[in-house]
Each structure stands twice: as C-alpha cells, then as structure tokens.
Amino acid sequence: LFSENGILKTWTGPLSTFPATLREIKADMLNTKKNTLFFAHLLIPHAPYIYDAQCGTRPVAQWENNYIFKGFRRTNTAESYARKFNLYYDQITCLDHSLQGLFDALKSSQLYDGATIVVHADHGPRIYLGHKLYFRAGDDVTPQDMFNTFSTLMAIKLPHQGQGKIQSEQKNLGDIVNQEIVHRPPSGVEKDLTVFLLGADESWSAPLVAVPMPEIP
C-alpha cells in the first residue's frame, strides 16, 4: 500500500492487521486527490481463520487451517470440511461489513460515484476432501475440489454505475477486464478455461500440465 506521500507502508505482527490496514486505506483514500490508484492485497478470507464474523480475533486455541493432518498428509473429514467452511464464511461476513464501511465513507465524501473499484480474489477457499494442497494432473480430483481451489471472485464497480449485475458463467480474468473496464474485445489468448497442475512426479521443475476447468458444480 503506497500512502499519499509515496512511502510504502507494511503491517506485520499485530492480530488486528486486517482491520488496522483497512482503516489506513480508508484514511489515505479520504485524504488523497482524485485520480489516484490504490492497491491492497488483504489476506481475508484466508486460512488460518483468525477473525470471527464481527472481525474480532478468535482465541488462539480456536485458530484453524484449511486442512487437518492425518499422519503427514493434509486432508479433511466430512466434519472438518463443513466446520472449516463455516469459519471461512465468517471471514467473508467480516470482509463484507468492513468493505461496506469503506464504501459508505467514500459516499459521504462524494468520492464513491466517480471511482472504479475492483475486488478480486487470487484463489478459492482451498477447502477440499481427501486431497493434497497441490493437485497432480493424474489425481482423482472432483469438480467441487477444482472449483473450491481455482475459482475466484471478481467484483467491479465502474464510475457512475447505477444498477449492478451478477454474471455466474466462468470466464478468464483477462477477458473480464477487457469487457468490463477497458471495453476491448476478448484477447483470444485463452479460449478454453484451464488450470495448471503438477505432473505425475510432483516436481516443481517439471513442466506443468494444462487441465480444463470443469463446469460449476
């Protein structure tokens, strides 16, 4: 996050990192001239699930990752799968309320209407049953596992936009940006939606294998 005077601000350590960072972003936005780009990478919703639905910090004993260990294997049971999704959804609620507070502050300062706002996730929840964190091309991975790992949200608010819309079909991110923000035709670079998985030997030095993204379960 670059502040208005060009100094890079980083937050490390405190458990209130997400709320504190968002407060700093809001303060910078409200005190900066128009036509300024702000970029923030916020690890929420994300494992470990530290925050509850009100953005309060859970007791350390309640922190959970997106998997459990069975021996040396990362996996989930049906019970832990459901529990971790509930923790994940609590963090989504925390994020939703926090972003609404930011948007309300921008509206009060007459900055919201003319702004372009993009909220984008870099991966899905990565909560799955019986599989490792990184899939191999030959693994018996279900469509739901693929969807939970590689699907992302992209929400775009354009200047002076009135009514919103929801598009549930899968698209590659470049085409979404071209269509919704810069108003250009699809690039055609990625005609089929694909993800890239490890080969059978799980070597990071080996070429990745392109696998088609399944339909939304």
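It should be emphasised that the depicted structure is a prediction, and the values quoted were computed from it without experimental measurement.

### As for the packing of aromatic side chains
Turning to step 1, where the next piece is worked out: Counted by the stated rule, this structure contains seven aromatic pairs.
Turning to step 2, where the next piece is worked out: Relative to Tyr 88, the ring of Phe 85 has its centre 6.3 Å away and its plane inclined at 80°; by these criteria the two rings are edge-to-face. Here Phe 85 and its partner Tyr 88 are both found in helix 2 (residues 78-108), three residues apart, which amounts to about one turn of the helix. This pair shows no difference in class: Phe 85 is buried, exactly as Tyr 88 is.
Turning to step 3, where the next piece is worked out: With a centroid separation of 6.2 Å and an interplanar angle of 65°, the aromatic rings of Tyr 88 and Tyr 89 are classed as edge-to-face.

### Considerations on the confidence of the model for the protein
Turning to step 1, where the next piece is worked out: For the protein, the average pLDDT comes to 83, and 83% of its residues sit at 70 or higher.
Turning to step 2, where the next piece is worked out: Of all helices and strands in the protein, the one with the weakest mean pLDDT is strand 2 (residues 73-75) (77), whereas helix 2 scores best (96).
Turning to step 3, where the next piece is worked out: Every residue in residues 1-6 scores below 50 in pLDDT, and together they form 16 contacts with partners more than four places removed in sequence or on other chains.
Turning to step 4, where the next piece is worked out: Predicted confidence for residues 8-13 stays below pLDDT 50, and this span has ten contacts to residues more than four positions away or in other chains.

### Overview of the state of the cysteines
Turning to step 1, where the next piece is worked out: Applying the stated criterion across every chain yields a total of one disulfide.
Turning to step 2, where the next piece is worked out: Here Cys 55 pairs with Cys 94 through a disulfide, and the sulfurs are 2.0 Å apart. Disulfide Cys 55-Cys 94: the torsion about the S-S bond is 110°, which places it as right-handed. With Cys 55 in the loop between helix 1 (17-30) and strand 1 (68-70) and Cys 94 in helix 2, this pair connects stretches of sequence that are 39 residues apart. Across this residue pair, the class does not change: Cys 55 and Cys 94 are buried.

Calculation criteria
Residues numbered from 1 in each chain as written. Predicted model: local features only at pLDDT ≥ 70, side-chain atom pairs only at ≥ 80, totals over all residues. Heavy atoms only, no water. Phe/Tyr/Trp six-rings, centres within 6.5 Å; stacked < 30°, edge-to-face > 60°. Helix = DSSP H or I, 4+ residues; strand = E, 2+ residues; numbered from the N terminus. Buried < 20%, exposed > 50% of the residue type's maximum accessible area, 1.4 Å probe, protein only. pLDDT = per-residue confidence, 0-100. Contact = heavy atoms within 4.5 Å. Disulfide = S-S within 2.5 Å.

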